[in-house]
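Residue-level listing of the chains:
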Amino acid sequence: MQEGSPLRVRRDDLPRRTVRELDALGIAEFSMIATPRRGTEADLALTLSVFGDHEWSADEMAALRHVAGQFRQFLDAAASRREIERRLALDGLVTSASARLVESQDPDRETLHAMQLVGEFFDAVTVAWTDVDHDTRRLTASHLWQAAGVVGGVDASQVITLEPETWDEVLTTLSEPFVIDGHSLVAELRNTSPNTERLINVVVPVMVRTRAEALLVIQTDADLRWSEKEMSALTSLATVVHEVLDRDRADRLFSTTFRSAPTGQLLVAATGRVVAANESFEALVGGPCVGRPLGDFFPDTATPSALVAGETRFEGRDAARWVRVRTAEVRLVHEVEPVTVVHV
């Protein structure tokens, strides 16, 4: 319930003891309105209006104040219950989204899904995952969710380059989560879209060795209070997103290097099954290797742990020969278990 959006209370909404006291006062018609002062049910301004031609004594007025106080307690208790339920729902969202991110073979898609879940939970206008490049002083919105009907918002893959003095100013704020209105943003950020100035920005930085490497930015048009627990939950989710995307980028770089390497290379599971082979290795053996056992190429070697660095007997396309082998264990996003890289 947002500021200025009153909750009108009916007789059936009241606790039974409050109804009894109203009956005792002879009140048949009334209007009770609870209005949140600043975006939360926990901070209410309560108005009780009673209809009828009656002169109220001091005792009756005191009884009315008691009735209003009882209902205030009722509303506060209900708000506390809703806050607990909301916190549990947010924790469940973070746990579920984090698990899907870690297990996904498409981190980009799952990151967008996580942005959508966060946006819908907080009734946001946009949710953006922003990469921070300290070398070029650039902020890049690499993953973006926007609420339906949003016009003129931030563009996906939008890149903002900041001047050195502005960059230093921005960095001083990126040490912990914070909330800032659009008017208070530096000019380069304030001009990213026509709607930015009227929005509230919730910024959750991902800190790696004392500096921000990425930002989860939530834009909303409601001036809500953001609790420490909410910020902590969002920080946990942002940390998982960063780790998964960072590992995926490293995987892609490794994959590119692996495929184009001039030396023969294999990726081998702990069971000895070949997961991948580059073109150089397939040229050595004369055909595809994926799914074949390691022993097809290295006789008497069933698993990568049995390979000994140094001279090893190798069955190539032409004939058996001795080759020098190096191995290294890596963990890839798309593989559940670590795999071993075999260099020939």
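Structure's up top.
Residues numbered from 1 in each chain as written. Predicted model: local features only at pLDDT ≥ 70, side-chain atom pairs only at ≥ 80, totals over all residues. Heavy atoms only, no water.

## A closer look at the pairing of strand E12 (residues 310-315)
Across six bridges, E12 lies against strand E13 (residues 320-330) in antiparallel orientation. Looking at E13, one finds that Gly310 is bridged to Val325. The hairpin turn running from E12 into E13, its antiparallel successor, is four residues long. (Pairing = 2+ DSSP bridges. Helix = DSSP H or I, 4+ residues; strand = E, 2+ residues; numbered from the N terminus.)

## Thoughts on the pattern of salt bridges
Under the criterion given, the structure shown has eight salt bridges. Salt-bridge contacts for Asp296 lead to Arg292; the nearest nitrogen and oxygen are separated by 3.2 Å. For Asp296, a relative accessible area of 35% translates into the label partly exposed. In this structure, a network of salt bridges that share partners links the residues Arg100, Arg109 and Glu110. (Salt bridge = Lys/Arg side-chain N within 4 Å of Asp/Glu carboxyl O. Buried < 20%, exposed > 50% of the residue type's maximum accessible area, 1.4 Å probe, protein only.)

## Topic: the nonpolar core
Formed by 33 residues in total, the largest nonpolar core has its most connected members in Trp129 and Ile218. Counting only elements with at least two residues in this core, the list comes to helix H2 (58-103), helix H3 (107-121), strand E4 (126-133), strand E8 (200-208), strand E9 (211-220) and helix H6 (228-260). For this core, the leading source of residues is H6, giving nine residues. Ile218 has contacts with Val118, Phe122, Ala124, Thr126, Val127, Ile200, Asn201, Val202, Trp226 and Leu234, leaving out every residue within four places of it along the chain. (Core = buried A, V, L, I, M, F, W, Y, C linked by side-chain atoms within 4.5 Å. Contact = heavy atoms within 4.5 Å.)

## Points about the sheet that holds strand E6 (residues 159-161)
If you walk across this open sheet you meet the six strands as E6-E5-E4-E9-E8-E7, and the pairing is antiparallel. Strands with a single pairing partner mark the edges of an open sheet, and in this sheet they are E6 and strand E7 (178-181). Strand after strand, the sheet turns through a mean of 25° between neighbouring axes, direction not considered. The sheet contact formed by E7 and E8 spans four bridges and is antiparallel. Bridge pairing links Val179 to Val202 in E8. In the packing of H6 onto the sheet, the strands contacted are E4, strand E5 (138-146), E7, E8 and E9, and the crossing angle to E8 comes to about 55°. (Axes fitted to C-alpha atoms, helices over the stretch in contact; angles between N-to-C directions.)

## What about the sheet that holds E12?
Pairing within the open sheet is antiparallel, and its five strands lie in the order E11-E10-E14-E13-E12. If you trace the sheet from one side to the other, it starts and ends with strand E11 (274-277) and E12, each paired once. On average, adjacent strands in this sheet sit at an angle of 35° to one another, irrespective of strand direction. With five bridges connecting them, strand E10 (residues 265-269) and strand E14 (residues 339-343) associate as antiparallel partners. Each residue of the ladder has a partner; that of Leu267, found in E14, is Val341. Most of the contacts of H6 go to E10, to which it runs at about 130°, and overall it touches E10, E11 and E14.

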